[in-house]
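The chain contents come next:
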Amino acid sequence: MESLAEGKRGGFQLGIQGKITLGIASVSILTVLVYSIVSYFSVRDLAYGKLDARLASAAQSYAYVVSLPEQDELMAAGEKADAERIRQISQTMTKYARSVGITYLYSVIPNGKDVTYIYSSLTDEEFKDPAKYEHLFLQAYDEEAPKATIARVAAERTPDYLEYSSDYGAFRTYYLPVESPKGQRFVVAADVLLEEVDSAIRNAVLKSIGIGLAVLAAAIVAARLLGRMLAQRLVATSRALEALSEENGDITVRLAVSGDDEVGRLATAFNRFVERLSTMMRQVRDTTIDLQREATRGHEAADSVTRASIAQGEAMRKSSADMQQLTEGIQEVSELVGDAANQSRDALERSNAAVARIDEAAQTLHAVQALADELSQSMHRLEQRSNRIDLVTQ
């Protein structure tokens, strides 16, 4: 069976199975690509959605992790506030931040263009080694990028998100405006490293690629099976057409009709075509036989005409010889006639002279006849007178 490709005049041409496989593979690749892009944005939105929900939940839980009245008291104490208690609160915030899956949880107070820390969760080093603890209570907030957002959130009393980069990494932060029991307005911030989002997106992309490759492999296998099924039926049709197109084409070949799809209808149409062609060939054969018979009769008639023509030609040749002899005889007769004509002219002259003499003799005879008639009339009158005389004498 012809498979994926065959050479043609030094080129390369895909067979039906190869075309079906290539088509389905192309569609599958395009589908996988679209699926990967959609998955990327879907996972990205989902990751950001989960992340934002986690950040908002952590910020909103600040009042449950930290005692706001105690915060007011410590802030009122200022630099005299209990540093150990502040460290304990930072440790509590760190444990909570880790439990909910965020990087940092802290609170700040905007003061014009400046921002001041209240509390802050600890770094990994500070949490593991208390000696590395950095006391940030009422210290200046040193990140410049978020200050404008913090001031706007505090002023407008509207939560907001921000992505920024610092020496500690790239973060996504949720800012929540809060008011203490004594009316102190401050902002709670919850940070998470964007590496987590990137990791989630990367994992989702790898997962989508894996799924896409599996789908592509399944599609290629299905395409080959489907292509083989179609190719077997189409190759049978192709071979039948090749057998029909050979010098001594086989018009008895028929295709098996399986199904009512396009290939089945093609096989039905092919069988009808071959049947009609077979009928036409039989008609042509019968007509040819009749023509051969008529041609045989024509040949026989032509032979008869040829023989008659030959015989007639012989007769004509004989007639020609006779005509030639007749011509020679006529020439001889003509010569004799010429002599006779000369003699006839002499005889005619003599005849004319005789006729003239006869005319003269006739005239003489007419004169004699007239004399005889007169003599007869005289004799008759004489006889009548003689009779009267006899009557008188009696």
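Preceding block: the structure.
Engineer: Describe in detail the overall build of the protein chain, supporting the description with residues and values.
Structural biologist: Scanning the protein chain for helices and strands turns up 8 helices and 7 strands. Split into buried and exposed, the 394 residues of the protein chain put 27% on the buried side. Considering only contacts in the protein chain between residues 6 or more positions apart, those separated by 24 or more positions represent 57%. For the protein chain, the accessible area works out to roughly 26200 Å², and carbon and sulfur atoms hold 56% of it.

Engineer: Describe the pattern of salt bridges, naming the residues involved and giving the relevant values.
Structural biologist: Applying the stated rule across the entire model yields 8 salt bridges. A salt bridge links Asp 52 to Arg 172; the shortest N-O distance between them is 2.7 Å. Here the residue Asp 52 occupies a position in helix H1 (residues 16–60), and Arg 172 occupies one in strand E6 (residues 169–179), the gap between them amounting to 120 residues. Neither residue differs from the other here; Asp 52 and Arg 172 are each classed as buried. The residue Glu 163 makes a salt bridge to Arg 172 at a minimum N-O spacing of 3.0 Å. Take Arg 172: its relative accessible area is 12%, and that puts it in the buried class. A cluster of three or more residues bridged by salt bridges with shared partners is formed by Asp 52, Glu 163 and Arg 172.

Engineer: Pulling in residues and values, what's your account of the environment of Ile 37?
Structural biologist: By the secondary structure assignment, Ile 37 is in helix H1. Taking the C-alpha atoms as reference, Ile 37 lies 9.1 Å from Ser 208; in sequence the two are 171 residues apart.

Engineer: So what's going on with the nonpolar core? Which residues, and what values?
Structural biologist: Among the nonpolar cores identified, the biggest contains 36 residues, and Tyr 62, Leu 105, Tyr 119, Phe 137 and Phe 186 are the most heavily contacted of them. Per-element tally for this core: the top contributor is H1, with 7 residues. Listed in part, the 15 residues of the second largest apolar core include Tyr 106, Tyr 117, Val 153 and Val 187.

Engineer: Quick one: what's the story with the pairing of strand E7 (residues 185–193), residue by residue and with numbers?
Structural biologist: Buried residues dominate E7, accounting for 7 of its 9 residues. Bridge count for strand E3 (residues 104–111) against E7 is 5 bridges, and the pairing is antiparallel. Each bridged residue has a counterpart across the sheet, and for Leu 105 the counterpart in E7 is Ala 190. Of the strand pairs in this sheet, E6 and E7 are connected by 9 bridges, and their pairing is antiparallel. Its bridge partner lying in E7, Thr 173 is registered against Asp 191.

Engineer: Residue-level account of helix H3 (residues 68–77), with values.
Structural biologist: Listing the buried residues of H3 in full gives Leu 68, Gln 71, Asp 72, Leu 74 and Met 75. One face of H3 carries all of its buried residues, which in axial projection span an arc of 165°. Facing away from the buried side of H3, by more than 90 degrees, are the exposed residues Glu 73 and Ala 76. Those residues of H3 that are buried are in contact with helix H2 (62–65), helix H4 (83–100), E3, strand E4 (114–120), E6 and E7. Backbone geometry just after H3 places Gly 78 at a positive phi near 70°.

Engineer: Got a sec to walk through the packing of aromatic side chains? Specific residues and values, please.
Structural biologist: Aromatic ring pairs are described here by two measures, namely the spacing of the ring centres and the angle between the planes. Under the counting rule described, the total for this entry stands at 8 aromatic pairs. On the numbers, 4.9 Å between centres and 50° between planes, the contact of Tyr 161 with Tyr 174 is tilted. Of this pair, Tyr 161 sits in strand E5 (residues 160–166) while Tyr 174 is found in strand E6, placing the two residues 13 residues apart along the sequence. Owing to a relative accessible area of 28%, Tyr 161 belongs among the partly exposed residues under this scheme. Among the aromatic residues, those joined into a ring-pair cluster are Tyr 104, Tyr 164 and Phe 171. One Lys or Arg, Arg 98, reaches over the ring of Phe 127 and ends 4.4 Å from the middle of that ring.

Engineer: I'd like a description of the sheet that holds E3, backed by residues and values.
Structural biologist: The 5 strands lie next to each other as E4-E3-E7-E6-E5, forming an open sheet whose pairing is antiparallel. Strand pairing shows two members of the sheet lacking a second neighbour, E4 and E5, which therefore form its edges. Each strand of the sheet is rotated relative to its neighbour by a mean of 35°, with strand direction disregarded. In terms of strand pairing, E3 meets E4 through 5 bridges, oriented antiparallel. The residue of E4 that forms the bridge with Tyr 106 is Ser 120.

Engineer: Explain helix H6 (residues 147–156) residue by residue, including any values.
Structural biologist: Every buried residue of H6 is accounted for by Lys 147, Thr 149, Ile 150, Val 153 and Ala 154. Down the axis of H6, the smallest arc covering the buried residues is 165°, so these residues share one side. Exposed residues pointing more than 90 degrees away from the buried face of H6 are listed as Ala 148 and Ala 155. Those residues of H6 hidden inside the fold are in contact with E3, E4, E5, E6 and E7.

Engineer: Explain the side chain of Arg 172 residue by residue, including any values.
Structural biologist: Side chain to side chain, Arg 172 and Glu 163 meet in a polar contact 3.0 Å long. For Arg 172, the contacting residues outside a window of four places in its chain are Tyr 48, Leu 51, Asp 52, Leu 55, Tyr 161, Leu 162, Glu 163, Ala 190, Asp 191, Val 192 and Leu 194.

Engineer: Before we move on, can you summarise unusual backbone geometry with the specific residues and values?
Structural biologist: Excluding glycine, most residues fall at negative phi; most peptide bonds, likewise, are trans. For Leu 138, which is not glycine, the phi dihedral falls at a positive 60°. Structurally, the position occupied by Leu 138 is in the loop between helix H5 (124–128) and H6. Although it is not a glycine, Arg 157 adopts a positive phi angle of roughly 60°. Assignment of secondary structure puts Arg 157 in the loop between H6 and E5. Taking relative accessible area as the criterion, Arg 157 reaches 30% and is therefore assigned partly exposed.

Conventions used here
Residues numbered from 1 in each chain as written. Predicted model: local features only at pLDDT ≥ 70, side-chain atom pairs only at ≥ 80, totals over all residues. Heavy atoms only, no water. Helix = DSSP H or I, 4+ residues; strand = E, 2+ residues; numbered from the N terminus. Buried < 20%, exposed > 50% of the residue type's maximum accessible area, 1.4 Å probe, protein only. Contact = heavy atoms within 4.5 Å. Areas by Shrake-Rupley, 256 points an atom, 1.4 Å probe, with all protein chains shown as cover. Salt bridge = Lys/Arg side-chain N within 4 Å of Asp/Glu carboxyl O. Core = buried A, V, L, I, M, F, W, Y, C linked by side-chain atoms within 4.5 Å. Pairing = 2+ DSSP bridges. Arc of directions from axis to C-beta. Phe/Tyr/Trp six-rings, centres within 6.5 Å; stacked < 30°, edge-to-face > 60°. Lys NZ or Arg CZ within 6 Å of the ring centre and 35° of its normal. Axes fitted to C-alpha atoms, helices over the stretch in contact; angles between N-to-C directions. Polar contact = N/O pair within 3.5 Å; in protein donor to acceptor, adjacent residues only side chain to side chain.

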